[in-house]
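Observations on chain architecture
Each chain is listed here by its residues.
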Amino acid sequence: MNYYYLQAPTVIGELQLGASGELREKWAKEAYNLNHSSYQTSLYSQMSSYHVWKETKTYNKLINNIQIKINQEYGKGLLKQYKYQIDEAWTAVYKEGEYAEPHHHNEYKIAFCYYIKVGQSTSPLVFDHLGFNIVPKDDMLVIFDANLVHSVPPHKGEDRIMMAGNCSLTTI
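Quantities reported herein were computed from a predicted structural model and do not represent experimental measurements.

Re empty space enclosed by the protein
Using the criterion set out here, one finds 1 cavity of 30 Å³ or more in the structure. One number sums up the size of the largest cavity: a volume of about 120 Å³. The wall of the largest cavity is formed by 17 residues, among which Leu-43, His-103, Cys-113, His-150 and Ala-164 lie closest to the centre. Per-element tally for the lining of the largest cavity: the top contributor is strand E12 (residues 160–171), with 4 residues. Across the lining of the largest cavity, the residue classes tally to 12 nonpolar, 5 polar and no charged.

Re the layout of surface pockets
In this model, the largest pocket occupies a volume close to 160 Å³. Lining the largest pocket, in full, are Thr-41, Ser-42, Leu-43, Met-47, Tyr-50, Glu-88, Trp-90, His-103, His-104, His-105, Glu-107 and Asn-166. Here the residues of the lining of the largest pocket are counted per class, giving 4 nonpolar, 6 polar and 2 charged.

What to know about the packing of aromatic side chains
Counted according to the given criterion, the structure contains 6 aromatic pairs. Between Trp-27 and Tyr-114 the ring centres are 6.2 Å apart and the planes differ by 80 degrees, which places this aromatic pair in the edge-to-face class. With Trp-27 in helix H1 (residues 21–32) and Tyr-114 in strand E7 (residues 110–117), this residue pair connects regions lying 87 residues apart in the sequence. Across this residue pair, the class does not change: Trp-27 and Tyr-114 are buried. Ring centres 5.0 Å apart and planes at 80 degrees place the aromatic pair Phe-127 and Phe-144 in the edge-to-face group.

Quick look at the environment of Leu-43
Here Leu-43 shows up in strand E3 (residues 43–44). A residue is classified by how much of its surface remains accessible, and Leu-43, at 14% relative accessible area, is buried. Counting along the chain gives 49 residues from Leu-43 to Ala-92, while the straight-line C-alpha distance between them is 8.5 Å.

Quick notes on the nonpolar core
In this structure, Tyr-59, Ile-66, Ile-70, Phe-112, Tyr-114 and Met-163 are the most contacted members of the largest nonpolar core, which totals 28 residues. At the level of secondary structure, the elements contributing two or more residues to this core comprise strand E2 (11–16), H1, helix H3 (60–74), strand E5 (82–94), E7, strand E10 (140–145) and E12. Looking at which element gives the most residues to this core, the answer is H3, with 5 residues. Excluding anything up to four places from it in sequence, Ile-66 contacts Leu-17, Ile-86, Phe-112, Tyr-114, Leu-141 and Met-163. Of all hydrophobic cores here, the second largest spans 25 residues; its members include Tyr-94, Ile-134, Phe-144 and Met-162.

Thresholds applied
Residues numbered from 1 in each chain as written. Predicted model: local features only at pLDDT ≥ 70, side-chain atom pairs only at ≥ 80, totals over all residues. Heavy atoms only, no water. 1 Å grid on protein atoms, 1.4 Å probe; cavity = no way out; pocket = protein on both sides within 12 Å on 5 of 7 lines; lining within 4 Å. Points joined across faces, edges and corners; volume = space filled by probe spheres on them. Helix = DSSP H or I, 4+ residues; strand = E, 2+ residues; numbered from the N terminus. Nonpolar A, V, L, I, M, F, W, Y, C, P; charged D, E, K, R; others polar. Phe/Tyr/Trp six-rings, centres within 6.5 Å; stacked < 30°, edge-to-face > 60°. Buried < 20%, exposed > 50% of the residue type's maximum accessible area, 1.4 Å probe, protein only. Core = buried A, V, L, I, M, F, W, Y, C linked by side-chain atoms within 4.5 Å. Contact = heavy atoms within 4.5 Å.

Okay, structure coming up:
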């Protein structure tokens, strides 16, 4: 895992999850079937509900793997009686020109973005107050403090298909 120490104690983690291309293609196809455009959010893209596991079982293995990685990598400094628990997870499909306004997830401890399928010229994930960007790649998981303001500029190129979510800290 690569760590970026930007403004103490701000840490953003990035790693490759290791999912096969075949599995990611299955996840990408399913994302097109989920559309809750009636939501009032900072995302201007097609998205699933905030509890995607209630809509389809297709992502259960992915959500479980993300939670394991978050606890293995990002939760290393936690006391043994605590762990991160995914409370929300949703898919988003960004088409040409779609974007995410600057926002945060203050009611949670950490947030994540997992990039199922992105094109060569995809827009970056921008951490607005830090002056820091990450350019997504296929199979990339980005983990960060949920209070960090982040956004996505208008998308260019092939559809950008991803899953995002929020985690709380729970006792074991």
